[in-house]
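# Summary of structural features
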Amino acid sequence: PATTARLAHGDLAVGGVPLTEIAGRFGTPAYLIDEDDVRTRCRTYLQAFSGAEVHYAAKAFLCRAMAHWVAEEGLGLDVCSAGELELAVTTGFPAERILLHGNAKSPHDLNAALRLGVGRIVIDSASEIARLAAAVPPGSRQKVLVRVVPGIAAGGHAKIRTGTDDQKFGLSIADGSAQHAIARVLGQPGLELSGLHCHLGSQITTDKPFLAAVRRLVGLLARTKEQHGVTLAELDLGGGHGIAYRPGEPALDITALARKVRAALTESCAAAGLAVPKLLVEPGRAIAGPAGVALYRVLAVKRTGGRAFVAVDGGMSDNPRPALYGVRYAPRLIGRRSTTPPAPVTVVGRHCEAGDVLASDVELPGDVRPGDILGVPVAGAYHLSMASAYNLVGRPPVVAVADGHARLLVRRESLADFRSRDVGL
Ligand code: LLP
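What counts and how
Residues numbered from 1 in each chain as written. Predicted model: local features only at pLDDT ≥ 70, side-chain atom pairs only at ≥ 80, totals over all residues. Helix = DSSP H or I, 4+ residues; strand = E, 2+ residues; numbered from the N terminus. Rg over C-alpha atoms; globule rule 2.2 N^0.38 Å. Buried ≥ 20, exposed ≤ 12 C-beta atoms within 10 Å, placed from the backbone. Contact = placed C-beta atoms within 7 Å. UniProt positions renumbered as here; feature names shortened; annotations may be inferred. Near = placed C-beta within 6 Å. Domains from an automatic or database assignment. Axes fitted to C-alpha atoms, helices over the stretch in contact; angles between N-to-C directions. Left-handed = near helix turned anticlockwise from the far one by under 90°. Nonpolar A, V, L, I, M, F, W, Y, C, P; charged D, E, K, R; others polar.

### Some words on the overall build of the chain
- Of regular secondary structure, the chain possesses 13 helices and 20 strands.
- The C-alpha radius of gyration of the chain comes to 23 Å, within 12% of the 22 Å expected for a compact globule of 425 residues.
- C-alpha atoms of the chain, sized along the principal axes, occupy 70 × 55 × 45 Å.
- Taking all 425 residues of the chain together, 47% fall into the buried category.
- The long-range fraction of contacts in the chain, counting pairs at least 24 apart against all pairs at least 6 apart in sequence, stands at 70%.

If you want it as structure tokens, here you go:
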């Protein structure tokens, strides 16, 4: 709660550093990440899920420092491209603690995974089985999980639901593709099937879907044992643990989730006469999200059509989430105490389209004006990792705060960066 809770009022500091100081030193827009908060969240997971493997989902936010913190805290890493993989491994992340995902892994992704020696590769389609088996060097074996679709609808928005058959990920239990894939993998000498995987979706705020998934997957483990005489040792429940973006919103209680998942797993395995498999989870958002804050400077304030618009120097290029999923944020005025009563405003970005809205109908002090700094809490996950080069604004820097010090992790993207890629005329 540390970072988010601090952003309630007035002149704020995160990690012992005033946010205004960060804005002054590194400019705006800027993203800061609270190192202690990230580490505390990692530890909370390891404690809650003791005995399980916790893999941080790198897609939420990755840079070398983040990989380093997560490695130091003893978590594994879930990556979904050769890019994420190579960044982590070249930072010293132990490859055997990495798991590769992807519904369309390129030959480059698979070769990088095999060359660097990732712990597990998650099979997402039937065609991938032969392709992967052919790439495994003769005489060696690659551990794999089969990603199954359990037929459970869960997740904060239609675009991030992956537990039912009407989406692109995984192999359906309902139509038998999962069972078929399991049989095929078991027939490949180069592949070692260590278990099953499912990821229901993202921003799930109740534990029921996870418990239902445990039961479905244990059912499939039992059928695998019946049909093939094989007891699979691992069960990966994916990520998707929901967080609060605004005060008062529901969030998943990780400790309660872990306790209930363990109980459901023990109970269903006992009923099926199976040994309890090792559990894996893959949280991304719940580790990085609440530890991040986006800082913007107000550039213009305008009243039109009965609304007040507050325009800032970032927008959909650094945070596409309101436009994509209709997510609502709670921006705060930072660094100046205002006695003017709050009034409803819409915070918009600087990009060339009307849909570039960061927060509609939020309350800010009625005298908010150009030059003010706004902070958007809960900005650590799926902001910068989904940032674009729209309008060549340049992606914001990432600043780590810890123990009263701020340090630059990732510098701001510059015109020189765009120029260097633009090689033709
Ligand atoms: N494991 C797998 C296989 C995943 O696909 C994902 C997320 C995770 C774990 C981590 O999920 P988390 O714990 O972070 O919810 N861009 C969207 C979220 C897409 C999530 C994609 N997969 C957003 O901004 O909400």
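### Here's the deal with the UniProt feature "binding site: substrate" (unreviewed entry) in the chain
- The UniProt record annotates "binding site: substrate" (unreviewed entry) at Arg285, Arg321, Tyr325, Glu353 and Tyr382. Spatial dispersion of the annotated residues is evident: they stretch over 98 residues in sequence, and the largest pairwise C-alpha distance comes to 27.6 Å.
- Its location among the elements puts arginine 321 in helix 12 (residues 321-325).
- On the basis of neighbour count, arginine 321 is assigned to the partly exposed category, with 19 C-beta atoms found within 10 Å.
- Other than its neighbours up to four places away in sequence, arginine 321 contacts Val327, Tyr382 and His383.
- When you line up the elements, tyrosine 325 lands in helix 12.

### Quick look at the site of the ligand
- Neighbouring residues of the ligand: 22 residues in total, closest Ala57, Ser202, Gly239, Gly284 and Tyr382.
- Mapped by element, the contributors of at least two residues to the shell around the ligand are helix 11 (285-288) and helix 12.
- If you count residues domain by domain, the shell around the ligand takes at least three from each of domain 1 (2-31 + 290-421) and domain 2 (35-289).

### Focus on the packing of helix 3 (residues 35-48) against helix 4 (residues 64-73)
- Closest axis-to-axis distance for the helix 3/helix 4 pair is 10 Å, and the angle between their directions is 35°. Helix 3 and helix 4 meet at a crossing whose hand is right-handed. Together, Glu35, Val38, Arg39, Cys42 and Arg43 of helix 3 and Trp69, Val70 and Glu73 of helix 4 make up the contact between the two elements.
- Residue composition of the contact of helix 3 with helix 4, by class: four nonpolar, no polar and four charged.

### Let's talk about the domain arrangement of the chain
- Splitting the chain by domain gives domain 1 (2-31 + 290-421) and domain 2 (35-289).
- Of note, the centres of domain 1 and domain 2, computed from C-alpha atoms alone, are 32 Å apart.
- Each partner contributes residues to the interface: domain 1 has 24 residues there, and domain 2 has 22 residues.
- Listed by contribution, the elements that provide at least two residues to the side of domain 1 that touches domain 2 are helix 1 (2-6), helix 12, strand 19 (398-402) and strand 20 (405-410).
- Tallying contributions element by element places strand 19 first for the side of domain 1 that touches domain 2, with four residues.
- Each residue belonging to the side of domain 1 that touches domain 2 can be placed in one class, and the counts come to 18 nonpolar, five polar and one charged.

### Comments concerning the pairing of strand 3 (residues 30-34)
- Along strand 3, five of the five residues are buried, which leaves the element largely enclosed by surrounding structure.
- A two-sided burial pattern is seen for strand 3, the buried positions comprising Ala30, Leu32 and Asp34 on one face and Tyr31 and Ile33 on the other.

### Digging into the environment of isoleucine 204
- The topology assignment puts isoleucine 204 in the loop between strand 10 (191-197) and helix 9 (208-228).
- When the C-alpha atoms of isoleucine 204 and glycine 155 are compared, they prove to be 4.6 Å apart, with 49 residues separating the residues in sequence.
- Sequence-distant contacts of isoleucine 204, defined by excluding residues within four places in its chain, comprise Ala154, Gly155, Pro209, Gly240, His241, Gly242 and Leu252.

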